[in-house]
Amino acid sequence: MKVYICIELILLVLLFKRKKYHLEYVTISFLLMLMAAIRSEFVGADVRVYFIEYEWNGAKSWKDALTSSEYSFTIYCKFLNSLGLGNYGFLAVTAILFAILLALAIETNHSNRILTLSLYYFAGLYTQSFCVIRQSFAVVISLIAYSRLEKNYSHRTPYNKGHFQSFPIGFVIGMIIAIGFHPTVIVLLALPVMMLFYGKKRCRKPSVFLRDGILCMSAALIILPVLYPFILQHSNKKYQDLYGGGYVTGPFGNWKSGILLVALYLIFYIAYYNNWKKLTEKENIIVGSVIMLAFACSSLSIINSTLGRTNLFFEGLMILMLSKLLNHGYTRIKSVNFYVILVFATYFVLYLVRDSISVVPYRIR
């Protein structure tokens, strides 16, 4: 656990200095990549399962790889196997590729580098990549794809309406690749829909987005306890085992973790409320849409831990939004933004103590 806390402290020091640290950003990114690359197979609950999947996918034909439901990941495993890489070679290349994709996500979204990397780390998303490898790839790829969606979105000042200038082909291509790693990323297709929806609304105050998110979350919590067990009972056993988690016989099996996630989203909302007047109308629509969807999707985390993993995609978007919101004034002790960052830093310590994905203690192979 000490190694994780040391990296957190380094990031906090870099964050609260009033300089732009390009070399330090590259160094800390490399350190995180190295930590992931040389870790033991016991750091991350699912690593040994991924070793089995890696060998299994490597034995498939290219035709089977292309037609697999997880085509991106299967092709990736097949390619690395063709290079003769063993299990630890797969782990090292995966760590390198993830670090590169995260850096690309930060660059393509023109985010504050140290701030975004720090928040990504504090939210536990970097250490999540030690365990949920396929979904972590899907998250960073979807964040790169999002940059194309944002670039394509425009707000017409005279008409006070948001719209897409053309079909966001870059976003769609990125999503197709991400879906091939983890199909649950499809939940992000709701984002452009919400951007168009709120782009036509006259009132776009923070309270509107929060209200809609809580209403959707409440509706899901009322409807799903009835509907979800019925769906599971009429699904094949694979999906009952994967997404059931005891829910067939009773709802809200993950409510403690779900409430913690809602609390994190509330901190996100406080940061938004404190800074929304500094945003352009286009940025306000996008951040508000993410707020609304994050709260709505948090209902899934309350219901079931496996379903709750869909929140990783909105957590990734939350980090990008927070990078815009907190970019100014977070170094001042009297600023709300300062305490938002401290809350995230505290959350990371609690995340390590809980250790739900077995990344503590850190061990080198």
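Residues numbered from 1 in each chain as written. Predicted model: local features only at pLDDT ≥ 70, side-chain atom pairs only at ≥ 80, totals over all residues. Heavy atoms only, no water.

## A look at the overall build of the chain
For clarity, the threshold we go by: A run of H or I in DSSP becomes a helix once it reaches four residues, and a run of E becomes a strand once it reaches two; helices and strands are each numbered from the N terminus. All radius of gyration figures rest on C-alpha atoms, and the globule criterion is 2.2 Å times the number of residues raised to 0.38. Partly exposed residues are those whose accessible area sits between 20% and 50% of the maximum for their type, while under 20% is buried and over 50% is exposed, using a 1.4 Å probe and protein chains only. By definition in these notes, contact holds between two residues if any of their heavy atoms fall within 4.5 Å. Each accessible area is a Shrake-Rupley estimate made with a 1.4 Å probe; only the visible protein chains count as cover when residues are assessed. Here the positive residues are Lys and Arg and the negative ones are Asp and Glu; neither His nor the chain ends is included. Here the site of a charge means NZ on Lys, CZ on Arg, CG on Asp, or CD on Glu.
Tallying secondary structure elements over the chain gives 17 helices and 2 strands in all. The C-alpha atoms of the chain give a radius of gyration of 20 Å, which matches the 21 Å a tight globule of 365 residues would have. By residue count, 53% of the 365 residues in the chain fall in the buried class. Contacts spanning at least 24 positions in sequence make up 75% of the contacts within the chain whose residues lie at least 6 apart. For the chain, the exposed area adds up to about 16900 Å²; of that, 66% sits on carbon and sulfur atoms. Here the chain holds 35 positive side-chain charges and 16 negative ones, and the gap between their average locations is 9 Å.

## Some details on the packing of aromatic side chains
Geometry of an aromatic ring pair is reported as the spacing of the ring centres plus the angle between the planes. Under the convention used in this document: For Phe, Tyr and Trp, where Trp contributes only its six-membered ring, two rings pair if their centres lie within 6.5 Å, and the inter-plane angle classes them as stacked under 30 degrees, edge-to-face over 60, or tilted in between.
Tallying each qualifying case throughout the model produces 25 aromatic pairs. Between the aromatic rings of Tyr4 and Tyr362, the centroid separation amounts to 6.1 Å while the plane-to-plane angle is 85 degrees, which identifies the pairing as edge-to-face. Remark: Tyr362 occurs in the segment after helix 17 (336–354) and Tyr4 occurs in helix 1 (residues 2–15); sequence separation between them is 358 residues. We note that Tyr4, like Tyr362, is buried. Between Phe137 and Phe181, the aromatic rings sit 5.2 Å apart at their centres with planes inclined by 45 degrees, giving tilted as the arrangement.

## Here we look at the pattern of salt bridges
Short version of the rule: Each salt bridge in this description consists of a side-chain nitrogen of Lys or Arg and a carboxyl oxygen of Asp or Glu lying within 4 Å of one another.
Within this structure, the stated rule accounts for 6 salt bridges. Its salt-bridge partner being Arg309, residue Asp46 comes within 3.7 Å of it at the nearest N-O pair. One end of the pair, Asp46, is in the loop between helix 2 (22–37) and helix 3 (47–58); the other, Arg309, is in the loop between helix 15 (281–303) and helix 16 (311–325), and 263 residues separate them in sequence. Relative accessible area serves as the criterion here: at 21%, Asp46 is assigned to the partly exposed category. One salt bridge connects Glu107 with Arg113, and the closest N-O pair in it is separated by 2.7 Å. Assessed through its relative accessible area of 30%, Arg113 is described here as partly exposed.

## Looking at the environment of Leu11
By secondary structure assignment, the location of Leu11 is in helix 1. Residue Leu11 is classed as buried on the basis of its relative accessible area, which comes to 0%. Leu11 sits 253 residues away from Leu264 along the chain, and the two C-alpha atoms are 20 Å apart.

## Things to note about the packing of helix 15 against helix 16
Heads up, the condition is: Fitted lines through C-alpha atoms give the axes, limited to the stretch in contact for helices. The angle between two N-to-C directions lies from 0 to 180 degrees. For a crossing to be left-handed, the near helix must be turned anticlockwise from the far one by less than a right angle; the clockwise case is right-handed. When residues are grouped by polarity, Ala, Val, Leu, Ile, Met, Phe, Trp, Tyr, Cys and Pro land in nonpolar, Asp, Glu, Lys and Arg in charged, and all others, Gly among them, in polar.
For the pair helix 15 and helix 16, interaxial distance at closest approach is 9 Å and the crossing angle is 150 degrees. Here helix 15 and helix 16 pass one another in a crossing that is left-handed. Each of Glu283, Ile286, Val287, Val290, Leu293, Ala294, Cys297, Ser298 and Ser301 in helix 15 lies in contact with helix 16, whose residues at this interface are Asn311, Phe314, Leu317, Met318, Met321, Lys324 and Leu325. Each residue belonging to the contact of helix 15 with helix 16 can be placed in one class, and the counts come to 11 nonpolar, 3 polar and 2 charged.

## Quick word on the packing of helix 14 (residues 255–275) against helix 15
What counts here: Note on angle classes: values under 35 degrees are labelled roughly parallel, values over 145 roughly antiparallel, values of 65 to 115 roughly perpendicular, and the remainder oblique.
With their axes 8 Å apart at the nearest point, helix 14 and helix 15 run at an angle of 170 degrees to one another. Overall, the two elements helix 14 and helix 15 adopt an arrangement that is roughly antiparallel. Facing Trp255, Ser257, Gly258, Ile259, Leu261, Val262, Tyr265, Leu266, Phe268, Tyr269 and Tyr272 of helix 14, the residues of helix 15 in contact are Asn284, Val287, Gly288, Val290, Ile291, Ala294, Phe295, Ser298, Ser301 and Ile302. Class assignment of the residues belonging to the contact of helix 14 with helix 15 gives a composition of 15 nonpolar, 6 polar and no charged.

## Section: unusual backbone geometry
In this chain, Val360 is followed by Pro361 through a cis amide linkage whose omega measures 0 degrees. Tracing the backbone shows Pro361 in the segment after helix 17. Positioned with a positive phi, His110 is a non-glycine residue whose angle comes to about 55 degrees. Mapped onto the elements of the fold, His110 is located in the loop between helix 6 (87–108) and helix 7 (113–122). The exposure class assigned to His110 is exposed, which follows from its relative accessible area of 73%. Positive phi outside glycine occurs at Asp355, with the angle close to 45 degrees. Residue position: Asp355 is located in the segment after helix 17.

## Remarks on the side chain of Ser298
What counts, and what does not: Counting of polar contacts relies on pairs of N or O atoms within 3.5 Å, with two restrictions inside protein: one atom must be capable of donating a hydrogen and the other of accepting it, and residues adjacent in sequence are counted only when both atoms are side-chain atoms.
With respect to the element layout, Ser298 can be found in helix 15. Among the polar contacts made by the side chain of Ser298, one reaches the main-chain carbonyl oxygen of Phe295 at a distance of 2.5 Å. In this structure, Ser298 is in contact with Met217, Leu261, Val262, Tyr265 and Asn311, ignoring residues within four places of it in sequence.

## Remarks on the environment of His22
Locating His22 in the fold gives a position in helix 2. Separated by 293 residues in sequence, His22 and Glu315 place their C-alpha atoms 25 Å apart. Here Arg113 takes part through its side chain, which lies 3.2 Å from a polar atom of the side chain of His22.

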